[in-house]
Amino acid sequence: VSLRGRAALFGVAESDLGEVGPGSTPLDLIGQATLRVLDDAGLEKGDVDGLFSASAYYHMPTLSVGEYLGIRPRYSDATNVGGSSFVAHLLHAAAAIHAGLCEVALITYGSTQRSDGGRLVSGSEPLPYEAPYRARYPVSMYALAASRHMHEYGTTREQLAEVAVAAREWAKLNPRAFKRDDLSVEDVLASRMVSSPLSVLDCCLVTDGGGAAIVTGAERAQDFAKPPVYLLGAGEAHWHRNISQMPDLTVTVAADSGRRAFEMAGVGPESVDVAMLYDAFTINTVLFLEDLGFCGKGEGGRFVSGGRIAPGGDLAVNTSGGGLSYNHPGMYGLLLVVEAVRQLRGECGERQVPGANVALVHGNGGVLSSQVTAILGSEGAL
Amino acid sequence: MARADEAPAAVYRRLLESGTLGFQRCAGCGAAIFYPRVLCLVCGSTSLVWQTSAGRGTVYATTAVHHRDAEPHNVVLVDLEEGFRMMSRVEGVPAREVRVGMRVSFETRREDAGPVAVFVPEEG
């Protein structure tokens, strides 16, 4: 049995984004996003019977979210594989719906990490063997991967900077993006070094934000005002938690999650109109383009050069502006889904990719640890 | 080398305190295992034998962690000749001058929390 096309997204929403100010809690943002997603889908709170969330704030996030919202789900999934969790939740929701365990799934997330004043919930839990070396979690782990990619493939800091510049060019077209001022390769190279070779402009934003998505059975399409966005395929994979245990720092297990997602969807990279790749750091986009098959291993640096993933380029990547320029509220995966659905609905205004029918959403969690890929499609892609 | 009731982390630390870098070798499949565990992550065997590394390795990946008010410090992943990889730091050269592919050798340093495995550039 394939889950291809059996579940669909009927609503997506963001909470307030950026810097919401002191006093608001992550649950307040989840409340905002939930109100907006129910409005987007034309549903009532009482229709939700499946609840999906992950959090760095709440140990039992679906319990906290369910209590705050007044939702009493019969199916609850708080899988936490890092920022990719919410892409995993899409697959889990489709499976649960197909099994009859719930009908209307709400996936939601919120974070007030910026307004919390830098008191980040970092997820750092070093092994006793590694704590003495004071690697800065998580940036140093991604920096190690970048150093290896540069060594093996000649990838340059300029090429990594191209990823940040492309994200900024998209962000300029998104009124909700946090950073919309001009950015050049030279600006990235000249910015403060954090953990070499990654400077502060190679790193994602630290912002408040949240989101929500509604998933239900595709057969209910006639119940909704907006066109469905179908889950065509999805795949999960992980193979380490600590960067020292990653077999090859130039190859992520997106190679497996992507293959699983493409196989279920029955399409390949050449069919993807718009790709949302979890860009916590500039090296991420390079690695995922390679591992998902958009280019060969080691070719990612050249692939992103010359504005090829920027507006007007060969492949539309992270059209919201991404974690680098739009929003990165600690765990970013749900906002990838939000942007992909809006692109497939044709709601993206200036940054709309004309005729987008197939979107790839790729979530990353931990330190290149968890990789989750989903392929979404409009009616025309079914 | 290890008592039956001794936890993997305790064996590692005891060896490090004596100036040696310990790792496990799987008696089932031969895999070199680090960090220490109670089973082989490759084949699942519980027949793990503690061995002492010669301490010779190659920098696999490197980063210099920068600070606003201090010199950067180095963090590396080192591939040991016995076939395992570990996080560490390279001393004796500025953090930014540590290179992937650099040959390094093991030493121990005593810190407040206990002995720490570090590496220095190989002589010659």
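All values derive from a computational prediction rather than experimental measurement.

**Thoughts on the overall build of chain A**
- For chain A, the count of helices and strands is eleven helices and twelve strands.
- Radius of gyration (C-alpha) of chain A: 19 Å, near the 21 Å computed for a compact globule of 382 residues.
- Among the 382 residues that make up chain A, the fraction classed as buried is 62%.
- Considering only contacts in chain A between residues 6 or more positions apart, those separated by 24 or more positions represent 77%.
- Carbon and sulfur atoms make up 50% of the accessible area of chain A, which totals about 13100 Å².

**Details of the packing of aromatic side chains**
- Counted by the stated rule, this structure contains 13 aromatic pairs over all chains.
- An angle of 20 degrees between the planes, with centres 4.0 Å apart, marks the rings of Phe10(A) and Phe224(A) as stacked. Here Phe10(A) is found in strand 1 (residues 7–14), whereas its partner Phe224(A) is found in the loop between strand 7 (209–217) and strand 8 (229–238), with 214 residues between them in sequence.
- Ring centres of Tyr129(A) and Tyr35(B) lie 6.0 Å apart, and the angle between their planes is 20 degrees; on these two criteria the pair is classed as stacked.

**Regarding the interface of chain A and chain B**
- Every contact between the two is made by 26 residues of chain A and, on the other side, 30 residues of chain B.
- Here chain A packs against chain B, burying approximately 2500 Å² in sum over the two surfaces, 58% of which is carbon and sulfur.
- Of all residues in chain A, the largest losses of buried area upon contact with chain B belong to Tyr129(A), Tyr133(A) and Leu144(A), amounting jointly to 32% of the total for that side.
- At the junction of chain A with chain B, the criterion picks out zero salt bridges.
- If you list the elements that add at least two residues to the side of chain A that touches chain B, you get helix 4 (139–153) and strand 5 (193–195) of chain A.
- In terms of residue count, the dominant contributor to the side of chain A that touches chain B is helix 4 of chain A (six residues).
- Looking at the side of chain A that touches chain B residue by residue, the classes come out as 13 nonpolar, seven polar and six charged.

Cut-offs and rules
Residues numbered from 1 in each chain as written. Chains lettered and ligands numbered in written order. Predicted model: local features only at pLDDT ≥ 70, side-chain atom pairs only at ≥ 80, totals over all residues. Heavy atoms only, no water. Helix = DSSP H or I, 4+ residues; strand = E, 2+ residues; numbered from the N terminus. Rg over C-alpha atoms; globule rule 2.2 N^0.38 Å. Buried < 20%, exposed > 50% of the residue type's maximum accessible area, 1.4 Å probe, protein only. Contact = heavy atoms within 4.5 Å. Areas by Shrake-Rupley, 256 points an atom, 1.4 Å probe, with all protein chains shown as cover. Phe/Tyr/Trp six-rings, centres within 6.5 Å; stacked < 30°, edge-to-face > 60°. Buried area = accessible area lost by both parts, 1.4 Å probe. Salt bridge = Lys/Arg side-chain N within 4 Å of Asp/Glu carboxyl O. Nonpolar A, V, L, I, M, F, W, Y, C, P; charged D, E, K, R; others polar.

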